[in-house]
Amino acid sequence: MQPGPGFDKRIQKDSKNRETSKSPVTYKDHFMTLRSLCSCLLVLTQLTFTPFGVAQTTSSPAPFLGYSGPSSAAQRDWEQKFRAGIVPGNIRENMRRLSARPHHVGSPYDKDNAEWMLARFKEWGFDAKIETFHVLFPTPKERVVELVAPTAYRAKLQEPVLAVDPTSNQTAEQLPTYNAYSADGDVTAPLVYVNYGNRDDYEQLDRLGISVKGAIVIARYGGGWRGIKPKVAAEHGAVGCIIYSDPEGDGYYQGDDYPGGGWRPREGVQRGSVMDTDYPGDPLTPGIGATTDAKRLALKEAKTIQKIPVLPVSYSDALPLLSAIQGPIAPDAWRGALPITYHVGPGPAKVHLKVMSNWDIKPVYDVIATLHGTDDSQWVIRGNHHDAWVNGASDPVSGMAAVLEEARMLGELKKQGWTPNRTIIYCAWDGEEPGLLGSVEWVEAHVDELKQHAVAYINSDGNERGFMLPGGTQDLQNFISGVSRDVQDPETKMTVFERSRLYSIGKAKDAEERADLRKRNDLVVDALGDGSDFTAFQDFAGISTLSVEFGGESDGDQYHSIYDDFYWYTHFADTDFVYGKALAQTGGTAIMRLAGADLLPYDYAPQAEAIAKYVSDLEKLLKDKQEEFAERNLQLKEGVFTALADPKKPTIPPPVETVPPYMNFAPMKNALELLKKSSTRYSAALKEWQSKGSPALAATDLTAVNADLLKVQRLFLNAKGLPERPWFKNQVYAPGAYTGYGAKPVAPVREYMDAKKWKEADGQVPTVAEALTNVAGGIDQAAAKLEKAVAQAR
């Protein structure tokens, strides 16, 4: 636990006074000074701060959040042993083994890795098994991208073997470069450049008078999730989509390219899924586990398969295509780093695109390892996926290798006499890359048990050098902040907490945000959307969630390429695996602390604060759109757009927009006030317990409070789900239909606002308000029981 901000100031002031003293110093003075210093040190060692910033003078550090004094002291000792036992060399060896060969869904080495991990978990004392699901996983049997006019060029669609990279030659086992869940198709059409291919880009095309109807679009990676690009293209009438990696994003514009440097080389390609955003998991079994006997949709009924063919290409293959496009010059913000003038089209470039896939059912192997606690009725769950597009050293093995080291050390502690209060479950998920297949199917199959037993799910998904910036549900914000105070950043020697806090201050968007961050005594936990294995836990089952990993400082990127392998990672990422160690220390400490707490270590004040901001953002969005559309319509009436248009480069004025009407946010704001009051009440009860020195609470009281706490996050769920995506049940936390990975908080309202469906958005406000009211009631119920328990404690 780090001391409060006053600690350093006192030391600095004391030092300055001694340095400026002018009086003569005697032996007696030295003795008195030494005695005073010893007294000061004694006081300072007794001075600690609670998670709420309240100073206490005790004989030991303040108890952890959710712990009584005696249980916290024992927990602290075990956690220190755990962190001291994490070995970077073991993480390195785990990576070397797991990434030795390509291990995509359905491959021999994917199963081999699962069986190897199963054996390790059993060796470490876990009750482990493999749960198998059967999912739709298409792989390509024919891929063509060729320029047929005004010149001819056939794309290679192949990443070359590099002599320096020893696993790049495993060509027989590598998945081809493709986008999973592309539609089959064989089309020839004019080519149009659409920048990132987001909805805003098509509005810009409309202003330029360019339609993509009947065309093939070419979009660059970045600016949003790849699956949005063909989705939006199809909605605008395109018949095909090509996605390329522009060197501005992850190539030579960022640094030296591979193998001289770590950045994507000219023939490097990003594979990846383009599964549509209606629901994650197996396309044929939405909402139910994809077991052998599960009832499956027909392929044509699956909503998450794209409507047009899609293929990814390298910038080497993209360059002849883009060079052949003429028409208007692309807007400034659309220009990448290729040595060409970027044009939009259409024509004269014409392209032939063909994608044909094998639509096979493949097994996915989830390794589920259980370390039983004294109470099997509550589960703390930790996960990372093990499948990859190719060798996957960074994504996902750098995370999986660290998670395995956590599990090894927990097993070692168990042998030494440590037993968690709650049961711990470690999960090595399969099938994450195509669409969260393994985790979603497992959650769907076990959702009733999870709602009854799951305390929290902590996810990782790849790890490199840099900063730990957690995402998740903010009921765990104070908790993970406390964990991060006890882990050291391996290179700066600061705590992970302090380095991440200072990073956030340095990257703040404005002075107001910086001021807020400086006042905080916690790390801000950002909302999660989609894109990794936390999704089903948070969005479908209503379970408290965290995502933890380090990143931001690696010298390169080979995302979803054959070059994301052991050689690349050990030369350009976390080369000595010290951040792998930091991840294992962070994730393992969090799991131990959740599993050992007397009182489940939730605090709802940060969550209420975050939701208040989400609601405020909705109000601001409405106001901004009202002003924007009113001003646009006025300028259209005045002829501003016509006057500003260059007669030699004509553009079309934007359409008249209906100014958004008044929306009644009152039900949601009233519910939010209830949530604030209940969360403040619960935080006050926690603070009262801590102010009394966190005495032991009666076992029956703890059982009752914990039972209520376990239900709170479930109250965010609505059985009907989101209006147009019913799989997503959470009314506050969800990905956007047009953001994919990105979160869209309060999605029932926000999604309709983004679609300019104001009446429908207004109609969803009471639904969200009902969920928030339910949550507030659940917190109030727990707070009342905690208040009673604390009052009776001695």
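For every chain, the first residue of the written sequence is number 1, and numbering continues from 1 onward in sequence order. Only residues with pLDDT of 70 or above have their local features reported here, since the model is predicted, and side-chain atom pairs are shown and tallied only from 80 upward, although totals for entire chains, interfaces and linings are computed over all residues. Computation of side-chain values: all heavy atoms of the structure, hydrogens and water removed.

Caption draft 1: Seen up close, the overall build of the protein chain. Secondary structure counts use DSSP, requiring at least four H or I residues in a row for a helix and at least two E residues in a row for a strand, with both numbered from the N terminus. Helices and strands together make up the secondary structure of the protein chain, namely 24 helices and 18 strands. By the compact-globule yardstick of 28 Å for 794 residues, the protein chain fits well, its C-alpha radius of gyration being 28 Å. Reported as C-alpha extents along the three principal axes, the dimensions of the protein chain are approximately 95 × 70 × 65 Å. For each residue, the accessible area found with a 1.4 Å probe, counting protein chains only, is set against the maximum for its type, and the residue is called buried under 20%, exposed over 50%, and partly exposed in between. The buried share among the 794 residues of the protein chain stands at 57%. The contact criterion used is simple: two residues touch if any of their non-hydrogen atoms lie within 4.5 Å. Excluding contacts between residues fewer than 6 apart, the proportion of contacts in the protein chain whose partners are at least 24 apart in sequence is 80%. Where the 88 positive side-chain charges of the protein chain centre and where its 102 negative ones centre are 4 Å apart. Within these notes, the globule rule equals 2.2 Å times the number of residues to the 0.38 power, and the radius of gyration is based on C-alpha atoms. We count Lys and Arg on the positive side and Asp and Glu on the negative side, and we leave His and both chain ends out. In plain terms, the charge of a residue is placed at NZ if it is Lys, CZ if Arg, CG if Asp and CD if Glu.

Caption draft 2: Seen up close, unusual backbone geometry. Of note, the bond from Tyr-258 into Pro-259 is cis; its omega dihedral lies within 30 degrees of zero at 10 degrees. Relative to the helices and strands, Pro-259 is located in the loop between α8 (247-250) and β9 (272-273). Even without being a glycine, Lys-756 presents a positive backbone phi close to 65 degrees. Along the chain, Lys-756 turns up in the loop between α23 (747-754) and α24 (758-792).

Caption draft 3: Structural view of the packing of helix α3 (residues 69-84) against helix α10 (residues 393-415). Throughout, an axis means a line fitted to C-alpha atoms (over the contacting stretch in the case of helices), and angles, computed between N-to-C directions, take values from 0 to 180 degrees. Close contact between α3 and α10 brings their axes to 9 Å; oriented N to C, the two are set at 130 degrees. The angle between α3 and α10 places the two elements in the oblique class. Crossing of α3 against α10: the hand is right-handed. Each of Trp-78, Lys-81 and Phe-82 in α3 lies in contact with α10, whose residues at this interface are Glu-406, Met-409, Leu-410 and Leu-413. If an angle is under 35 degrees, it is roughly parallel; if it is over 145, roughly antiparallel; if it lies from 65 to 115, roughly perpendicular; otherwise it is oblique. Crossings are classed by handedness, with left-handed meaning an anticlockwise turn of the near helix from the far one by less than a right angle and right-handed meaning a clockwise turn.

Caption draft 4: Local environment of the packing of helix α19 (residues 605-638) against α23. Relative orientation of the contacting elements α19 and α23 amounts to 15 degrees, with a least axis distance of 11 Å. Looking at the two axes, α19 sits roughly parallel to α23. As for how α19 packs across α23, the hand of that crossing is left-handed. On α23, the residues that touch Leu-618, Leu-621 and Leu-622 of α19 are Val-749, Arg-750, Met-753 and Asp-754. Looking at side-chain class alone, the contact of α19 with α23 contains five nonpolar, no polar and two charged residues. For this classification, Asp, Glu, Lys and Arg are treated as charged, while Ala, Val, Leu, Ile, Met, Phe, Trp, Tyr, Cys and Pro are nonpolar and the rest, including Gly, are polar.

Caption draft 5: Inspection of the packing of aromatic side chains at higher detail. Stacked, tilted and edge-to-face are the three classes applied to pairs of Phe, Tyr and Trp rings, where Trp contributes its six-membered ring and a pair requires centres within 6.5 Å; stacked means planes under 30 degrees apart, edge-to-face means over 60, and tilted covers the rest. Inspection of every chain in the model, using the stated rule, returns 25 aromatic pairs. Both rings, one in Phe-137 and one in Trp-389, keep their centres 6.5 Å apart while their planes meet at 40 degrees; by these two values the pair is tilted. Separated by 252 residues along the polypeptide, Phe-137 in strand β3 (residues 127-149) and Trp-389 in the loop between β12 (375-385) and α10 bring together distant segments of the chain. The interplanar angle of 45 degrees and the centroid separation of 6.0 Å between the aromatic rings of Tyr-602 and Tyr-604 together place this pair among those described as tilted.

Caption draft 6: Broad picture of the pattern of salt bridges. Every case where a carboxyl oxygen of Asp or Glu lies within 4 Å of a side-chain nitrogen of Lys or Arg is listed as a salt bridge. Considering all chains together, one arrives at 43 salt bridges under this definition. For the salt bridge of Lys-509 with Glu-513, the shortest nitrogen-to-oxygen distance reads 2.8 Å. Across the pair Lys-785 and Asp-708 runs a salt bridge, and its minimum N-O distance is 2.9 Å. Remark: Asp-708 occurs in helix α22 (residues 699-712) and Lys-785 occurs in helix α24; sequence separation between them is 77 residues. Judged by relative accessible area, which is 33%, Lys-785 ranks as partly exposed. Three or more residues are tied together by salt bridges with common partners; here these are Arg-465, Asp-489, Glu-491, Arg-499 and Glu-553.

Caption draft 7: Geometry of the environment of Arg-501. Tracing the backbone through its elements, the reader meets Arg-501 in helix α14 (residues 496-506). Looking at Arg-501, the relative accessible area reads 18%, which means it is buried. Spatially, the C-alpha atoms of Arg-501 and Val-148 are 54 Å apart, while their sequence positions differ by 353 residues. If near-sequence neighbours (up to four positions away) are discounted, Arg-501 is found in contact with Leu-517, Arg-518 and Leu-523.

Caption draft 8: Layout of the side chain of Glu-444. Mapping Glu-444 onto the fold places it in helix α12 (residues 437-453). At 2.9 Å, the side chain of Glu-444 forms a polar contact with the backbone nitrogen of Gly-287. In this structure Glu-444 touches Thr-285, Pro-286, Gly-287, Ile-288, Gly-289, Phe-540 and Trp-727, once residues within four positions along its chain are discounted. The term polar contact refers here to a pair of N or O atoms within 3.5 Å; inside protein, the definition further demands a hydrogen-donor-capable atom paired with an acceptor-capable atom, and it admits residues adjacent in sequence only when both atoms are side-chain atoms.

Caption draft 9: Quick look at the pairing of strand β8 (residues 240-244). In terms of burial, β8 is largely enclosed, as five of its five residues are buried. Side chains Gly-240, Ile-242 and Tyr-244 project from β8 onto one buried face, and the interleaved Cys-241 and Ile-243 project onto a second face that is buried too. Strands are labelled as partners when DSSP assigns at least two bridges between them. Across five bridges, strand β7 (residues 216-220) lies against β8 in parallel orientation. Of the residues in β8, the one forming a bridge with Ala-219 is Ile-243.

Caption draft 10: The side chain of Ser-182, seen in detail. Here Ser-182 is to be found in the loop between β5 (179-180) and β6 (185-193). Taking the relative accessible area as the measure of exposure, Ser-182 reaches 2% and is therefore buried. The contacts of Ser-182, once residues within four sequence positions are left out, are Val-274, Ile-305, Gln-306, Ile-308, Pro-309, Val-310, Val-355 and Trp-359.

Caption draft 11: Quick peek at the confidence of the model for the protein chain. Per-residue confidence from the predictor is reported as pLDDT, a score between 0 and 100. Taken over all residues, the pLDDT of the protein chain has a mean of 92, while the share at 70 or more is 93%. Ignoring residues within four places in sequence, the model shows residues 1-58, a span with pLDDT below 50, making 49 contacts including any to other chains.

Caption draft 12: Up close: the pairing of β12. A large share of β12 lies buried, amounting to eight of its 11 residues. Where β12 lies against strand β13 (residues 422-429), eight bridges are found, and the strand directions are parallel. Note on β13: the bridge partner recorded for Asn-384 is Ala-428. If the strands point away from the viewer and the path from the first strand over the helix to the second runs clockwise, then the crossover is right-handed. Each parallel crossover has a hand, and the one from β12 via α10 to β13 is right-handed.

Caption draft 13: Focus on α12. A helix is expected to span 1.5 Å multiplied by its residue count minus one. With 17 residues, α12 extends 22 Å between its outermost C-alpha atoms, agreeing within 8% with the 24 Å of an ideal straight helix rising 1.5 Å per residue. At His-446, α12 shows its strongest bend, of approximately 75 degrees. Along α12, 12 of the 17 residues are buried, which leaves the element largely enclosed by surrounding structure. The set of residues buried in α12 consists of Leu-437, Gly-438, Ser-439, Val-440, Glu-441, Trp-442, Val-443, Glu-444, His-446, Val-447, Leu-450 and His-453. Bend, at a single residue, is the angle you get between axes fitted to the 7 residues ending at that residue and the 7 residues starting at it.

Caption draft 14: Representation of the environment of Met-409. Here Met-409 lies in helix α10. The spatial distance from the C-alpha of Met-409 to the C-alpha of Trp-124 is 8.3 Å, given a sequence separation of 285 residues. Not counting the four nearest positions on each side in its chain, Met-409 is found in contact with Lys-81, Phe-82, Gly-85 and Ile-86.

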